[in-house]
Amino acid sequence: MPEDNDDTRFEDSLEELEQIVKQLENGDLTLDESLETFEYGIKLVQKCNSKLNMAEKKIEELIEENSELKTKQFTEFDD
């Protein structure tokens, strides 16, 4: 497993998560390897969520107008 580095870009963490999902779906890992990989994936998910929350707070700060915060609900990607 790669080191857990807080300086990792969000996009890199997301790409790594995609690789973890592929590994787990492939079924070639032992049970111990699967558990270790899954645990690392959970840590990456938590890191990604934290970065998204920080980005959302920063956006809210940037759109603050006249001491009133005007926020818009983030929605899923439209297809």
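How each quantity is defined
- Residues numbered from 1 in each chain as written.
- Predicted model: local features only at pLDDT ≥ 70, side-chain atom pairs only at ≥ 80, totals over all residues.
- Heavy atoms only, no water.
- Core = buried A, V, L, I, M, F, W, Y, C linked by side-chain atoms within 4.5 Å.
- Buried < 20%, exposed > 50% of the residue type's maximum accessible area, 1.4 Å probe, protein only.
- Helix = DSSP H or I, 4+ residues; strand = E, 2+ residues; numbered from the N terminus.
- Contact = heavy atoms within 4.5 Å.
- Expected span 1.5 Å × (residues − 1).
- Arc of directions from axis to C-beta.
- Patch = residues over 30% accessible without salt bridge, like charges linked within 9 Å, V, L, I, M, F, W, Y side chains within 5 Å.
- Areas by Shrake-Rupley, 256 points an atom, 1.4 Å probe, with all protein chains shown as cover.
- Salt bridge = Lys/Arg side-chain N within 4 Å of Asp/Glu carboxyl O.

Caption draft 1: Structural detail: the nonpolar core. Grouped together as the largest cluster of nonpolar side chains are 5 residues: Leu17, Ile20, Tyr40, Leu44 and Cys48. When residues in this core are grouped by element, the largest group, 3 residues, is from helix α2 (residues 31-62). Apart from the residues lying within four places of it in its own chain, the contact partners of leucine 44 are Ser13, Glu16, Leu17 and Ile20.

Caption draft 2: Main features of helix α1 (residues 10-26). The first and last C-alpha atoms of α1 sit 24 Å apart over 17 residues, in line with the 24 Å expected at 1.5 Å per residue. All of the buried residues along α1 are Ser13, Glu16, Leu17 and Ile20. Each buried residue of α1 sits inside an arc of 105 degrees when the element is viewed along its axis, so together they form one side. In α1, those exposed residues whose orientation departs by more than 90 degrees from the buried face are Lys22, Glu25 and Asn26. Residues of α1 that are buried make contact with α2. Looking at the residues trailing α1, positive phi occurs at glycine 27, about 75 degrees.

Caption draft 3: Region of interest: a nonpolar patch on the surface. A cluster of nonpolar side chains, contributed by Leu24, Phe38 and Ile42, occupies part of the molecular surface with about 250 Å² of accessible area. Structurally, the position occupied by isoleucine 42 is in helix α2. You can call isoleucine 42 partly exposed: its relative accessible area is 36%.

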